[in-house]
Amino acid sequence: MLVVQKYGGTSVGTLERIEEVAKRVSKAKASGNDVIVVVSAMSGETNKLVSYAEHFSKTPQSREMDMLLSSGERVTSSLLAIALSAMGFPAVAMSGRQAGIKTDKFHTKARIESIDRLCIEKELNGGNIVIVAGFQGVTELGEVSTLGRGGSDLSAVAIAGALDADLCEIYTDVDGVYTTDPRIEPKAKKLDKISYDEMLELASLGAKVLQTRSVEMAKKLNVNLVTRSSFNDNEGTMITKEENIMEQPVVSGVALDKNQARVTLRKVVDKPGIAAIIFRKLADENINVDMIIQNVGHDGTTNLGFTVPQNELERTRAAMEEINASQTVEYDSDVVKVSIVGVGMKSHSGVACTAFDTLSKEGINLEMISTSEIKVSMVIAAKYGELAVRALHDAYELDK
Ligand code: ADP
Ligand code: ASP
Ligand code: MG
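Residues numbered from 1 in each chain as written. Chains lettered and ligands numbered in written order. Predicted model: local features only at pLDDT ≥ 70, side-chain atom pairs only at ≥ 80, totals over all residues. Heavy atoms only, no water.

A short note on a nonpolar patch on the surface
Consideration 1: Taken together, Leu15, Val75, Leu79 and Ile82 make up a surface patch of nonpolar side chains, about 360 Å² in accessible area.
Consideration 2: The element best represented in the nonpolar patch is helix 3 (residues 62–86), accounting for 3 residues.
Consideration 3: Residue placement: Ile82 occurs in helix 3.
Consideration 4: We classify Ile82 as exposed; its relative accessible area is 57%. (Patch = residues over 30% accessible without salt bridge, like charges linked within 9 Å, V, L, I, M, F, W, Y side chains within 5 Å. Areas by Shrake-Rupley, 256 points an atom, 1.4 Å probe, with all protein chains shown as cover. Salt bridge = Lys/Arg side-chain N within 4 Å of Asp/Glu carboxyl O. Helix = DSSP H or I, 4+ residues; strand = E, 2+ residues; numbered from the N terminus. Buried < 20%, exposed > 50% of the residue type's maximum accessible area, 1.4 Å probe, protein only.)

Rendered as structure tokens:
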């Protein structure tokens, strides 16, 4: 078998942990598998590097950020290779470039365009365990790029897809995917299986146990994906096709996204084309706009609200100042988005009402709402975020 194993920040957070990971990897190799390992930076390392950059500038150049941030993963990949070799298991560490991972040119959130499978295969054929530094690639111009926060998951899935691996295991600090973040709701239950689509929603709505784009890629390339803990041998959660899951609950999970900020443009001129100008500008700046709300206009003006990731708020502010589309713009980063997800919602009515009822009973005001076939999202004041998660988890009886 060809197995890809990815280890997240906490899993390689100390030298002792790297040693533990080396043992686990060596077991997979010793039982006859070809093994590719993808590693994150040691936990806290990427944040530390970001804070170093922000010491000098609130809007550091994204090219330089990639040079900086990609270094964390190179440290762990080489340490793990050294640890494995010392245990008698030949291993080579590779940067994204050396592993043949080509991306587009959008620094700090580059997309993988191709992977030259020969780069890794050559080393596997030589009998080596291959350790790839996650979260990074190289642009057409040969510049180092990174894949967005949490991007080592994507590296692992993309490599598993490109090399037709039999299995891609994402090792982290929880046993698998739970009905909600077990750090917020200790009564959360581990799911044995979850569909790609539900996982995609949960991830994009804040459940960072898997990075959104890694799930997208796994679905597209049909990668056998499992998340499990690197701290024990418990069975993890399989992320799989919907038809492989017998019974679909109406709601399968609750997610909380704290990386949210709301922007409100007041007294925008109410004429055709104005929304296009605003959102074109944001798209050009590669800013991810999420919910959008426009009020019914009067006096020839209207109010327009939308949300963006909190870490893109400064760039949003700069963009709004440039186009100057309204008299006043308000920025509020004291909000979070809480969501319920479930494919069973497609065939049930009244699911959203239960969510609204539940939050109103807790005295929580809904500032924005958006729904799709399989999710309901609500923007609320940040201080109620965790309370809302627990209340919704109870309301849909997810602990049962
Ligand atoms: P890694 O460093 O291994 O990539 P992350 O911190 O990115 O790990 O993701 C794991 C964390 O995701 C867990 O510690 C947990 O707090 C959080 N999490 C959020 N939602 C969920 C969920 N539904 N199921 C499991 N973990 C979740
Ligand atoms: N080290 C990067 C981050 O913290 C990538 C990853 O851990 O997946 O976002
Ligand atoms: Mg992660």
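A closer look at the packing of aromatic side chains
Consideration 1: According to the stated counting rule, one finds 2 aromatic pairs in the structure shown.
Consideration 2: Between the aromatic rings of Phe279 and Phe306, the centroid separation amounts to 5.4 Å while the plane-to-plane angle is 75°, which identifies the pairing as edge-to-face. Of the two residues, Phe279 sits in helix 8 (residues 274–284) while Phe306 sits in strand 15 (residues 301–308), which places them 27 residues apart along the sequence. As far as the burial class goes, Phe279 and Phe306 line up, both buried.
Consideration 3: Positioned over the ring face of Phe231 is Arg17, at 3.8 Å from the centre of the ring.
Consideration 4: When the ring centre of Tyr331 is taken as origin, the NZ or CZ atom of Arg317, which lies over that ring, is 4.5 Å away. (Phe/Tyr/Trp six-rings, centres within 6.5 Å; stacked < 30°, edge-to-face > 60°. Lys NZ or Arg CZ within 6 Å of the ring centre and 35° of its normal.)

Remarks on the pairing of strand 13 (residues 253–269)
Consideration 1: In terms of residue burial, strand 13 counts as a mostly covered element, since 12 of its 17 residues are buried.
Consideration 2: In the sheet, strand 13 pairs with strand 15 via 7 bridges, with the strands oriented antiparallel. Counterpart to Leu265 in the pairing with strand 15 is Leu304. (Pairing = 2+ DSSP bridges.)

Here we look at the pattern of salt bridges
Consideration 1: Counted according to the given criterion, the structure contains 23 salt bridges.
Consideration 2: Measuring nitrogen to oxygen at the nearest pair gives 2.9 Å for the salt bridge that ties Lys109 to Glu312. With Lys109 in the loop between strand 4 (101–103) and strand 5 (112–115) and Glu312 in the loop between strand 15 and helix 9 (313–323), this pair connects stretches of sequence that are 203 residues apart. Here Lys109 matches Glu312 in class, with each residue buried.
Consideration 3: Between Arg317 and Glu314 there is a salt bridge, with the nearest N and O atoms lying 3.8 Å from each other. Placement of the pair is Arg317 and Glu314 together in helix 9, with a separation of 3 residues, close to one helical turn.
Consideration 4: Assessed through its relative accessible area of 29%, Arg317 is described here as partly exposed.
Consideration 5: Here Glu314 falls in the partly exposed class, since its relative accessible area comes to 32%.
Consideration 6: Each of Arg63, Glu64 and Glu143 takes part in salt bridges that share partners, so that together they form one network.

Overview of the site of ligand 2
Consideration 1: Residues in close proximity to ligand 2 include Ser40, Thr46, Glu73, Phe135, Arg149, Gly150, Gly151 and Ser152, which together make up its full environment.
Consideration 2: Ser40 is positioned with one of its side-chain polar atoms (N or O) 3.1 Å from an oxygen atom of ligand 2.
Consideration 3: Ser152 is positioned with one of its backbone polar atoms (N or O) 3.0 Å from an oxygen atom of ligand 2.
Consideration 4: Burial of ligand 2 by the protein amounts to 86% of the accessible area it has alone, namely 260 Å².
Consideration 5: In the shell around ligand 2, the residues fall into 1 nonpolar, 5 polar and 2 charged. (Near = heavy atom within 4 Å. Polar contact = N/O pair within 3.5 Å; in protein donor to acceptor, adjacent residues only side chain to side chain. Nonpolar A, V, L, I, M, F, W, Y, C, P; charged D, E, K, R; others polar.)

Description of the site of ligand 1
Consideration 1: Lining the immediate environment of ligand 1, one finds 16 residues, of which Thr172, Asp173, Tyr178, Asp181 and Arg183 sit closest.
Consideration 2: Contact distances for ligand 1 include 3.1 Å between an oxygen atom and a side-chain N or O atom of Lys6.
Consideration 3: Lys208 places a polar side-chain atom, nitrogen or oxygen, 3.2 Å from an oxygen atom of ligand 1.

A word on the sheet that holds strand 14 (residues 292–294)
Consideration 1: Strand order in the open sheet formed by 6 strands is 14-15-13-16-18-17, with antiparallel pairing between adjacent strands. The sheet terminates laterally at strand 14 and strand 17 (368–372), the two strands that pair on one side only. Direction aside, the axes of adjacent strands within the sheet are offset by 25° on average.
Consideration 2: Summarising the sheet, strand 14 and strand 15 pair through 3 bridges and their orientation is antiparallel. (Axes fitted to C-alpha atoms, helices over the stretch in contact; angles between N-to-C directions.)

Considerations on the packing of helix 2 (residues 45–56) against helix 3
Consideration 1: The interhelical angle for the contact between helix 2 and helix 3, taken along N-to-C directions, is 155°, at an axis separation of 9 Å. When the axis of helix 2 is compared with that of helix 3, the two are roughly antiparallel. Seen from above, helix 2 lies across helix 3 with right-handed handedness. Contacts between helix 2 and helix 3 involve Glu45, Thr46, Leu49, Val50 and Ala53 on the former and, on the latter, Met65, Leu68, Leu69, Ser71 and Gly72.
Consideration 2: The class makeup of the residues in the contact of helix 2 with helix 3 is 6 nonpolar, 3 polar and 1 charged. (Parallel < 35°, antiparallel > 145°, perpendicular 65-115°, else oblique. Left-handed = near helix turned anticlockwise from the far one by under 90°. Contact = heavy atoms within 4.5 Å.)

Keep in mind these values describe shape, not function.
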